[in-house]
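The primary structure of each chain is shown beneath.
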Amino acid sequence: MIESEGGKRLSAEDQKLTSPLHFSVEAEQGVARAGRLHTRHGVIETPTFMPVGTLGAVKGLGPLDLEDLGASIMLANLYHLSLRPGIDRIEQLGGLHRFVGWRRPLITDSGGYQVFSLSGLRKIDDGGVTFRSVHDGSMMRFTPESVVESQQRLGVDIAMMLDECPPWPVEHGPALAALERTNRWAEMAAEAWSRLEEPAGGLFGIVQGSFYADLRERALEALVPLGFAGYAIGGVSVGEAKGLGRDVVRQVAPELPRDKPRYLMGLGTPSDLAYAVRHGIDLFDCVLPSRNARHGALFTSRGVIRIKNSRFQTDDSPLDPECSCSTCRSVSRAFLHHLFRTGEYSGKVLATRHNVSFYLDFVGQLREALKSGCLDVKVSDLLRHYSSTTR
RNA sequence: GGAGGCGUGGCCGAGUGGUCAAAGGCAGCAGACUGUAAAUCUGCCGGGUUAAUCCCUACGGUGGUUCAAAUCCAUCCGCCUCCA
């Protein structure tokens, strides 16, 4: 069944885990689709890019900045927020939306990525993960149930299940063990979710399985029957060779329930995004636009510009002539270069605004193209200055 | 006038006989970054060459001592501190 019907095996009635979310597909082109995801904090037009605000804000931007850029949902991180300022504090201050001043939908990652990125600071067992704090060495326990509960207390619109995100490369044996654990955690999370009286958002399941097709298949078999409000593809963007994540996307995305939002975690470059949209992904997040902005690598319609390079010293042109963000409307490449050279933080802020704007606009254009049935033309137009696998 | 100290590569600054083209930092040149322990990290950074290498020029100037000097001696130039 998994392999045959191209993602049509479940309908809306099959949603077993209750949530206020409602997703509808508005337009389709092959497996690619544009849709609308209704939440208690507004509607998200998909496909869309979700800027990463780990600690409650995209580094360098305030909540209204992000609204102005057109972001319809922001991603924060449960692990980092649990550490500082703590879930109790946020709850006491009125929940995450109120605390960070963001009125639109919020999604939190569960800490599963920190299983990977902080692998030296955690111990994993069948019941969950124990992290040792970098800040004071204290221990913090994350379980599939506690993660559901914490995200509910934060009041987020999309909660992610706790998963084990294995590194790359990993042998089939350990990858299988990690997957079985993640699949069990999915059941535990679903069970915990079903006990919530009034869920603030929806719970997303995470398809793991590293870079093994049979394991991905296994993940689908385990997760889809649980009836999550949405499905994510995890376990990519963990240092693998360029382009490997695409194979996973191509295999998994079309197999996910058609009537649920599909979220590709952690990818990627503009061409990764375009690839994923074409294969039916609705939601993305990636640190690349914000981090690269701070590091001086700027995405433009003409390719990536490393603004610190000496050749921009006297370049009076706008960063991206085809971009209408406030950075491109107001300053030259030469000035941005100067700000980066001198370490002035407004350079990073201006760069972050532009990069996040570029990503939102990029996916927005794909969305509009999809609605008018010219996705492929749009993709090749947008990527004319980007190589196929790297940027 | 007296006493003492200092001068090192674009800058700051280690080094006080060979293992020194000379630590480290900054600046400079380039690169990386993918569910953010990242305003971070990596490489190059006197000149010429090579696969590794090797050669040249260099630690204020000049002249010595020595197999060998950024390092020791003499002298000159410049700068600084304290006392009068």
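This one's a predicted model, so the numbers in the text were calculated from it and none came from an experiment.

Caption draft 1: Representation of the overall build of chain A. The number of helices and strands found in chain A is 15 helices and 16 strands. For 391 residues, the compact-globule estimate of 2.2 N^0.38 gives 21 Å, and the C-alpha radius of gyration of chain A, at 20 Å, lies within 12% of that figure. Taken along the three principal axes of its C-alpha coordinates, chain A extends 60 × 50 × 40 Å. Residues counted as buried form 57% of the 391 residues belonging to chain A. Looking at chain A, you have 45 positive and 46 negative side-chain charges, and the mean spots of the two groups are 7 Å apart.

Caption draft 2: Expanded view of the packing of helix α6 (residues 144-154) against helix α7 (residues 172-194). Contact geometry of α6 with α7 gives a least axis separation of 8 Å together with a crossing angle of 40°. Classified by the interaxial angle, the pair formed by α6 and α7 is oblique. Between α6 and α7 lies a crossing whose hand is right-handed. The residues of α7 that touch α6, namely those facing Pro-144, Glu-145 and Val-148, are Trp-185, Met-188, Ala-189, Ala-192 and Trp-193. Considered class by class, the residues forming the contact of α6 with α7 number seven nonpolar, no polar and one charged.

Caption draft 3: Examining the side chain of Ser-210 more closely. Within the secondary structure, Ser-210 sits in the loop between β11 (202-207) and α8 (213-223). Judged by its relative accessible area of 3%, Ser-210 falls in the buried class.

Caption draft 4: Structural context of the domain arrangement of chain A. Domain boundaries assigned for chain A yield domain 1 (22-286) and domain 2 (297-385). On a C-alpha basis, the centres of domain 1 and domain 2 stand 27 Å from each other. Roughly 2100 Å² is buried in total at the junction of domain 1 and domain 2, and carbon and sulfur atoms are behind 75% of that figure. In terms of surface lost to domain 2, no three residues of domain 1 exceed Gln-29, Leu-69 and Pro-270, which account for 28% of the buried area on that side. Across the pair Asp-376 and Arg-278 runs a salt bridge whose closest N-O atoms are separated by 3.3 Å. At the boundary of domain 1 with domain 2, the tally comes to seven residue pairs in polar contact (both at pLDDT 80 or more). Among the secondary structure elements, those contributing two or more residues to the side of domain 1 that touches domain 2 are β1 (22-29), β2 (32-39), β3 (42-46), β4 (48-50), α1 (63-69) and α10 (270-278). In terms of residues, the side of domain 1 that touches domain 2 owes the most to one element, α10, which gives six residues. In terms of residue class, the side of domain 1 that touches domain 2 is made up of 16 nonpolar, eight polar and six charged.

Caption draft 5: Just helix α14 (residues 345-371), in detail. End to end, α14 covers 39 Å across 27 residues, agreeing with the expected 39 Å (1.5 Å per residue, within 8%). In terms of residue burial, α14 counts as a mostly covered element, since 19 of its 27 residues are buried. Directly beyond the C-terminal end of α14, a positive phi value near 75° is found at Gly-373.

Caption draft 6: Seen up close, the pairing of strand β6 (residues 106-109). Of the two faces of β6, the one carrying Leu-106 and Thr-108 and the one carrying Ile-107 and Asp-109 are both buried. In this sheet, β6 lies alongside strand β5 (residues 74-77) in parallel orientation, the contact comprising four bridges. Paired with Asn-77 across the bridge in β6 is Asp-109. The sheet contact formed by β6 and strand β10 (residues 158-160) spans two bridges and is parallel. Bridge pairing in β10 links Thr-108 to Ala-159.

Reading guide: rules and limits
- Residues numbered from 1 in each chain as written.
- Chains lettered and ligands numbered in written order.
- Predicted model: local features only at pLDDT ≥ 70, side-chain atom pairs only at ≥ 80, totals over all residues.
- Heavy atoms only, no water.
- Helix = DSSP H or I, 4+ residues; strand = E, 2+ residues; numbered from the N terminus.
- Rg over C-alpha atoms; globule rule 2.2 N^0.38 Å.
- Buried < 20%, exposed > 50% of the residue type's maximum accessible area, 1.4 Å probe, protein only.
- Lys, Arg positive; Asp, Glu negative; His and termini not counted.
- Charge placed at Lys NZ, Arg CZ, Asp CG, Glu CD.
- Axes fitted to C-alpha atoms, helices over the stretch in contact; angles between N-to-C directions.
- Parallel < 35°, antiparallel > 145°, perpendicular 65-115°, else oblique.
- Left-handed = near helix turned anticlockwise from the far one by under 90°.
- Contact = heavy atoms within 4.5 Å.
- Nonpolar A, V, L, I, M, F, W, Y, C, P; charged D, E, K, R; others polar.
- Domains from an automatic or database assignment.
- Buried area = accessible area lost by both parts, 1.4 Å probe.
- Salt bridge = Lys/Arg side-chain N within 4 Å of Asp/Glu carboxyl O.
- Polar contact = N/O pair within 3.5 Å; in protein donor to acceptor, adjacent residues only side chain to side chain.
- Expected span 1.5 Å × (residues − 1).
- Pairing = 2+ DSSP bridges.

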